[in-house]
Structures are given as C-alpha cells and as structure tokens.
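Results of the structural survey
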Amino acid sequence: MLFQQDSLRLNPLPHLPGIALSVLALFASKPVLAQVSASVTPAQVEITGKAQPNRDRQDDVGMRAIYGRDDIDKYGDSNLSEVLKRLPGVSVTESKGKGAEIRMRGLGNGYTQILLNGQATPVGFSIDSIAPDQIESIEVMRVAGADVSAQSIAGTINIILKKKSSKQATEIKSNASLQAGRLFGNLSWSVGDQLPGAGADISYVLAGTLESNNNEVNATLAETYATRENTSAAWQVQNDRLLQQSQQNRRDVASFSPRLNWKIDGQTSLNWQASLNLSRAEQAKNEKENTQLGESTEYPDNHSIWAAHILTSRNDFSWERRLADSAKLSMNFGWNSIDRATKFQFWGKDNTGALSVHRYVIGDADEHEYRFNGKYLAPYAESHVLSLGWETSRALRHENRDEQETAFSLGTTDYSAHTYQASLQKLAAYIQDEWTINSAWSAYLGLRMERISSNSREAGVFDFQNNSTMLSPILQSVWKLDAKRQWRMAINRSFKLPTVANLVPRLFRIDNNNMPLNADFQGNPNLRPERAWGMELAYEHYLSEDSVISANAYWRRIDDVMIEQTLPYGKTWVSSLVNDGRARILGLEIEAKLNLQQLYDYMPAVEIHGNLNRNWSRVEQVPGPDNRLAQQTGLLISIGADYQIQPAWRAGADYNFQAADSLRESAYMTGHTSPRRHLDIYLAWKQNKQSQLRFSVTNVLQQNKMESGSFTAASERWTENSQQQTARTWRLVWELKL
C-alpha cells in the first residue's frame with residue numbers, strides 16, 4: 001500500500017492543458033485594462049540591452065560584458081543553454097545524462113557561478129527552466145564585485161529577468177522546431193500597462209510561456225576488460241562488449257511571471273517580481289548488450305523510466321529610496337520554493353532474456369528558502385562612491401526516498417525507506433569603493449565576508465554540520481590610454497563550496513555494470529572548500545561604437561582541490577571526492593567584434609565576431625601528462641557574422657570549434673574527447689514594425705560526439721569508447737507586437 005499511495009502523489013499537480021486555458025484567459029483580459037489606462041501612462045526612460053553595450057563596458061571599472069535582447073533573440077532559441085553557448089568565453093557541455101553544464105575558462109562543475117538577478121540559484125536549479133523570452137540581459141563577469149558571492153573561481157554569469165513595468169506593446173512569440181522527425185515548440189506572451197486610476201503610479205507586466213520539447217539520443221558504447229600477470233607482460237582481453245543505448249526525453253513546461261512597479265513618489269519605489277514554473281519531465285532508457293568475449297553484465301538487456309513533476313516559485317519584493325546627495329538605500333526580501341515528485345523504475349533481464357530484477361523508487365523533495373538583502377550607496381567624496389550591504393538567507397530541504405526491489409530469480413522483495421533533511425544558512429557583509437583617481441585612471445576596492453553553514457542528516461544514521469568562512473578582497477583597476485584604448489587589472493580571492501549531495505554520506509547506486517568507469521558514488525562529509533587567489537590582465541581597443549578588440553590573460557592558484565577518488569569495496573567500485581593538494585590555472589582569451597560599415601563607409605553592413613580561449617591547468621597531486629583540472633576545455637574557438645541584407649532582411653551564422661582533449665583525472669584514470677564542431681545559421685525577415693519571422697538551423701554539421709576512457713591498475717585495465725549521435729534542429733519563430 002505504501003507504493004500505491006505514493007504513486008498517486010504525482011497526479012494532483014495541474015496538467016498543462018488546464019494551465020494553458022488559464023494563461024489564455026489572463027491574456028484575453030488585457031485589452032480591457034489597456035483601454036482604461038491608455039491615457040494615463042507617463043513617459044518613461046528604459047535602459048535595454050540595445051543601448052551602447054560597448055560604451056557601458058568601456059566605462060565599467062569591473063571586468064563585465066552585458067548581452068541584451070539582440071543577442072538572446074538572434075536564433076530564436078527555446079533553451080537558455082543554447083543562448084549561452086554563443087557568448088564569448090562561455091561553453092556548454094553535456095555528458096552522461098547530467099544535463100547542460102555551463103563553463104567559463106573551460107571550467108564548470110561549481111567553478112562557474114550562475115546567478116539569477118544577482119542572487120544564488122537554489123539547489124536543483126536547471127538553467128533551462130528559464131525561458132529566454134523572460135530574460136532582459138545576461139552579464140558575464142570575469143571578476144565579480146563584492147556585492148555578489150565569491151563562489152566564482154572561473155567567473156560569474158548573472159541572468160537578469162525582465163523588469164519592464166510600463167505601457168508596452170503586447171508581445172507574442174511562437175516557434176515550431178523539428179529535430180530528427182520530432183516536432184516540438186513553444187508559445188510565449190507578454191503584456192504590460194498602467195493600472196487604471198490616477199491615485200497611484202502602478203504599472204504591471206504579465207508574461208507566460210508554454211513549451212513542449214522531446215528528443216531521442218542514440219549511442220554505442222564499446223567496453224573491454226583486460227588483465228596481465230605483471231607490468232612487463234602483454235594485456236590479455238577477458239571481456240569485450242558492445243552496448244546499444246537509446247534514450248527518449250520529453251519535457252513540458254508552463255511558466256507565469258507577473259511584475260508590479262509602484263512609484264510611491266519621486267524618491268521611493270516598490271517592486272514585486274514573481275515566477276511560477278510547472279514542469280513535467282520524462283526519460284526512458286533502453287540498453288542492449290552484445291557480448292563478443294567473456295561474461296555479460298548482470299542485466300545485459302535493461303530498460304528504465306524516470307518521471308518527475310516539479311513546481312517552483314520565486315518571489316522578490318524590492319524597496320528603493322533615493323536620499324540626499326545622490327545616496328540610495330535599497331532592500332530586498334524574497335523567498336523560493338521547490339516541490340518535486342519523482343518516480344523511477346528499472347527492469348533488468350539476464351542473458352537468457354528472463355526478467356531478473358525490478359526496482360521501483362519514489363522520491364519527494366521540497367525546499368523553501370528565505371532571503372533578506374540590503375545595500376546603501378553614497379558618493380562620500382567627489383571621486384569616491386561607497387556602497388556597503390548585507391545578504392542573509394536560510395534554506396530548508398526535506399527529502400523522502402522509498403525503494404522496492406524484487407529479485408525474481410531469488411523470489412525475494414526488499415523494501416527501504418529514507419528521510420533526509422538538509423539546511424543551508426548564508427550570511428554575508430561587504431563594502432566597496434569605486435574611486436576615480438583621475439580622468440584616465442579608476443579603481444575598485446572591495447571586501448566581502450561570507451559565512452556558510454550547512455547541516456545534513458538522516459535520523460539514526462548520520463548528522464553532519466559544515467561551516468565555512470571566507471574573506472574575499474577584490475581589487476580592480478582600469479587605465480585609459482586614450483579615448484579608445486585601455487588596460488585592466490584585477491586581483492581577487494574566490495572559492496568553491498562542495499555541494500550538499502557531495503557532503504552527505506549517502507550511497508548512489510549504479511543500476512547495472514558497476515566498474516571503475518561506472519562506479520557508485522558516495523558523499524564525503526569531511527570535504528573542505530577550494531580556495532583560490534586570482535589575477536587578471538586585459539587590454540581593450542574600442543574601434544567604433546560596435547567594434548572592439550580585447551585580450552585577457554588570467555591566472556589562478558587553487559588550494560584543497562577536490563579530486564574524484566575511485567576505490568574497490570569488495571566487488572563494488574565506489575567513487576567519492578577528496579581534498580588533495582593544489583592546482584594552477586593559466587589562460588588567454590582574445591575577442592574581436594567588428595562592425596565593418598562603421599569602420600569603413602564603403603563596406604557592407606556586416607558584423608563579425610570571434611573569440612579564442614586557450615586554457616591550461618595542472619593538478620600537482622596527479623601525475624602528468626594531461627593532469628588538468630575538472631575536465632577543463634583546453635581550446636575553444638568561435639567565429640560568426642551577421643549581415644543586414646536589406647532593411648527587412650538579416651542573416652547570420654556562428655561556428656564553434658572545441659579541440660580534442662586528453663585528460664588524466666588520477667594516477668589510474670584517463671579520458672579523451674574528439675574535436676567538436678558546431679554550426680548554426682539564421683535568416684530573419686521583418687515584415688513590418690509589428691511582425692517578424694525568424695528561421696534558423698542549429699547543429700548543421702550533425703557531428704557525433706566521441707569520448708573514451710580507461711582505468712589502469714597494476715594487473716587490470718578497463719576501457720570504454722562511446723559515440724553519441726546528434727541531429728540538426730530546424731526552427732521557425734514568429735514574433736508579433738500589438
């Protein structure tokens with residue numbers, strides 16, 4: 001009865017058709033409000049991503065680049081990860097079903113910090129849970145200021161949601177995509193106006209998105225196991241297997257984002273911004289094995305289904321008061337909540353084709369976070385702007401996991417039930433000063449203190465408390481040689497915290513084929529944060545309003561590096577993270593963005609952009625060669641162009657190349673990835689001021705992903721070679737402004 005009751009807990013969540021009707025009902029009510037309030041809307045000035053991005057970047061004392069709606073909308077992407085992969089210095093990787101991992105300087109896995117409106121994202125946050133249509137701009141910061149967390153050894157990406165709350169055109173956008181014969185798409189809308197009545201200056205925006213996405217991923221995996229009598233003897237293959245893997249993914253999303261802005265008077269404003277996101281995800285995997293030599297795995301023919309309903313909500317109330325002498329005080333109070341219900345089933349057949357095992361797992365998790373932040377800014381002298389602030393938050397997470405395993409060959413059924421609880425508390429205070437030394441030289445000085453406390457426990461099993469305190473000084477400076485050329489320099493302290501999942505001593509089992517390259521995983525409660533010192537040196541040359549050439553060199557020294565350690569426990573291999581020594585990172589980034597017509601009047605209206613990233617790293621405790629950090633991408637090159645064919649027609653293309661990489665993760669484990677080439681193209685037709693069609697093709701080259709790995713001990717060696725198919729996506733986007 002336990003599992004029958006729990007399986008029904010997924011059903012009460014609303015279905016997408018009902019949500020669609022609610023969204024359309026809200027949308028249909030907008031014209032009435034618009035007619036009532038059209039005559040009282042005041043004129044407002046709004047800063048958008050289209051305003052002089054080069055000028056903003058040049059005048060900013062920090063190392064920050066801002067990308068607005070033009071960059072976000074260019075290809076009509078439905079996933080944010082697709083947008084990010086085209087930004088200079090950013091790469092996106094996907095591996096072994098872990099989803100999109102965002103990287104700067106070739107480093108992801110916690111080295112790159114992702115913020116939402118300047119705030120840390122909650123546990124379990126997916127970058128693709130935010131529709132690109134909800135985003136106003138994206139900030140890419142090589143070195144973040146003291147007013148955001150220093151958990152950014154590689155850099156910080158800050159996603160700014162739309163905050164426009166004034167009379168605006170109704171926007172409707174729909175797209176249809178085709179990939180490998182599968183059709184999917186989304187619909188988004190946005191309306192905004194003043195609330196009727198002249199008693200208060202209150203404006204609103206209502207926005208929503210409906211999305212349905214499905215795809216199929218096919219891969220082959222060749223595995224071998226060999227032994228030898230001694231280190232001078234030849235390897236003798238004992239097992240040789242070929243696995244055919246197929247995975248079908250489906251994701252349906254409905255999101256609603258209301259915003260209110262109340263201008264209380266000329267000095268005071270109050271804002272409310274919220275989001276509600278309901279998603280349903282399903283994943284079905286099939287794996288069949290062809291054993292050419294030796295023994296098969298325990299379940300050579302297996303099938304699994306994973307399904308989840310996830311409801312997330314976010315609320316932010318912000319208050320701002322402008323004080324005398326250009327001072328400003330702002331405060332923000334907000335909360336997040338995540339409610340997730342999942343089901344997982346696994347069926348494993350033995351080498352005779354008989355059903356051998358069935359696993360049924362039900363998991364429920366809920367998390368609630370509350371936060372309160374404040375900031376005071378004041379120009380206390382003619383050449384100084386001082387700001388200081390605080391950040392506090394507390395998150396509490398509960399998780400239940402019930403598992404039933406039936407072994408048909410033994411005629412037994414085992415049950416297990418677990419209840420976990422985790423909490424996370426953050427307290428930060430900072431002070432920063434922007435100092436204009438003279439007309440050519442500016443500096444930024446910042447100091448941030450962060451204390452993070454986490455607790456994880458299972459009643460009667462474990463109860464662990466972790467506390468980390470970090471003091472992060474930051475120095476940034478810009479020296480202008482003339483109106484177009486300048487140097488930048490920065491020194492900062494940053495860190496990387498272990499995730500709660502990596503701290504909890506809970507064992508995550510592999511369903512089939514346990515080996516060093518496919519081991520179980522167990523958290524380590526004794527993990528310490530990685531701490532880093534960093535330096536940056538950059539040169540920038542601004543050729544015109546939209547043209548710039550820059551070069552940036554960086555260096556990091558990281559202590560207490562977390563390295564994955566894989567060890568045998570009886571016949572089972574288990575991996576976990578341990579702190580082991582020091583790593584050094586060095587890199588060079590070159591960026592060019594050229595508007596040919598601005599540079600030369602006789603040239604066509606073509607914009608060219610290119611980016612080169614070369615990254616090196618060395619982990620001291622791992623023997624070389626190729627002892628790089630965290631599967632770091634060594635070389636990344638991207639180049640693209642946009643051509644304004646006619647006033648109504650625009651076309652463009654982006655090409656991305658990632659060089660082959662060899663990596664040694666430990667004394668025993670090595671890996672290799674093949675070169676990757678990716679090409680996207682688009683054509684946009686602006687029919688009139690209100691309507692536009694956009695056609696794009698992504699992954700034009702359809703290059704398969706190939707990876708290999710090996711684990712070599714004194715007398716045993718495991719190897720695997722995988723090849724994953726990819727498919728191009730055809731997309732048609734229609735945009736309408738009323």
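Presented here is an overview of the structure given in this document. (Residues numbered from 1 in each chain as written. Predicted model: local features only at pLDDT ≥ 70, side-chain atom pairs only at ≥ 80, totals over all residues. Heavy atoms only, no water.)

**Here's the deal with the overall build of the protein**
Secondary structure summary: the protein contains 8 helices and 37 strands in total. In terms of its C-alpha atoms, the protein occupies a principal-axis envelope of roughly 80 × 60 × 55 Å. Relative to its full complement of 738 residues, the protein shows a buried share of 47%. Long-range pairs, those at least 24 residues apart, make up 67% of the contacts in the protein between residues at least 6 apart in sequence. Counting only carbon and sulfur atoms, one obtains 56% of the accessible surface of the protein, whose full area is about 34,900 Å². Placing the 78 positive and 81 negative side-chain charges of the protein at their respective mean positions leaves the two points 3 Å apart. (Helix = DSSP H or I, 4+ residues; strand = E, 2+ residues; numbered from the N terminus. Buried < 20%, exposed > 50% of the residue type's maximum accessible area, 1.4 Å probe, protein only. Contact = heavy atoms within 4.5 Å. Areas by Shrake-Rupley, 256 points an atom, 1.4 Å probe, with all protein chains shown as cover. Lys, Arg positive; Asp, Glu negative; His and termini not counted. Charge placed at Lys NZ, Arg CZ, Asp CG, Glu CD.)

**Digging into the side chain of Glu-735**
Relative to the helices and strands, Glu-735 resides in strand β37 (residues 729-737). With relative accessibility at 15%, the residue Glu-735 sits in the buried group. Engagement of the side chain of Glu-735 in a polar contact is seen with the side chain of Arg-694, the distance being 3.2 Å. Those residues in contact with Glu-735 that lie beyond four places of it in its chain are Ile-172, Lys-173, Gln-690, Ser-691, Gln-692 and Arg-694. (Polar contact = N/O pair within 3.5 Å; in protein donor to acceptor, adjacent residues only side chain to side chain.)

**Quick word on the sheet that holds strand β6 (residues 135-141)**
Strands sit in the order β1-β6-β7-β4-β5 across an open sheet of 5 strands; the sheet is mixed. The open sheet is flanked by β1 (64-67) and β5 (119-120), the only strands paired with a single partner. Pairing of strand β4 (residues 112-116) with β5 involves 2 bridges; the strand directions are antiparallel. Residue pairing for β5: Leu-116 is matched across the bridge by Gln-119. (Pairing = 2+ DSSP bridges.)

**Quick notes on a nonpolar patch on the surface**
Taken together, Leu-178, Leu-183, Tyr-643, Ile-645, Trp-649, Leu-683, Trp-685, Phe-695, Trp-730 and Leu-732 make up a surface patch of nonpolar side chains, about 910 Å² in accessible area. Contributing elements (two or more residues each) for the nonpolar patch: β29 (635-646), β33 (676-686) and β37. Considering the arrangement of structural elements, one finds Leu-183 in strand β9 (residues 182-194). Among the residues examined, Leu-183 registers a relative accessible area of 62% and is labelled exposed. (Patch = residues over 30% accessible without salt bridge, like charges linked within 9 Å, V, L, I, M, F, W, Y side chains within 5 Å. Salt bridge = Lys/Arg side-chain N within 4 Å of Asp/Glu carboxyl O.)

**A look at the packing of aromatic side chains**
Applying the stated criterion to the full structure yields 18 aromatic pairs. Judged by centre distance (5.9 Å) and plane angle (70°), the rings of Tyr-299 and Phe-346 are edge-to-face. Linking Tyr-299 in the loop between β12 (268-293) and β13 (301-322) with Phe-346 in strand β14 (residues 328-349), this pair joins segments that are 47 residues apart in sequence. By relative accessible area, Tyr-299 is classed as buried at 5%. Grouped by ring-pair contacts, the aromatic residues Tyr-225, Trp-573, Tyr-668, Phe-711 and Trp-718 constitute a single cluster. The ring centre of Tyr-75 lies 4.0 Å from the NZ or CZ of Arg-86, which sits over that ring. In this structure, Arg-105 packs its charged tip against the face of Tyr-554, placed 4.3 Å from the ring centre. (Phe/Tyr/Trp six-rings, centres within 6.5 Å; stacked < 30°, edge-to-face > 60°. Lys NZ or Arg CZ within 6 Å of the ring centre and 35° of its normal.)

**A short note on the side chain of Asn-261**
The topology assignment puts Asn-261 in strand β11 (residues 236-263). Within the local environment of Asn-261, its side chain forms a polar contact with the side chain of Asn-271, the two groups lying 2.2 Å apart.

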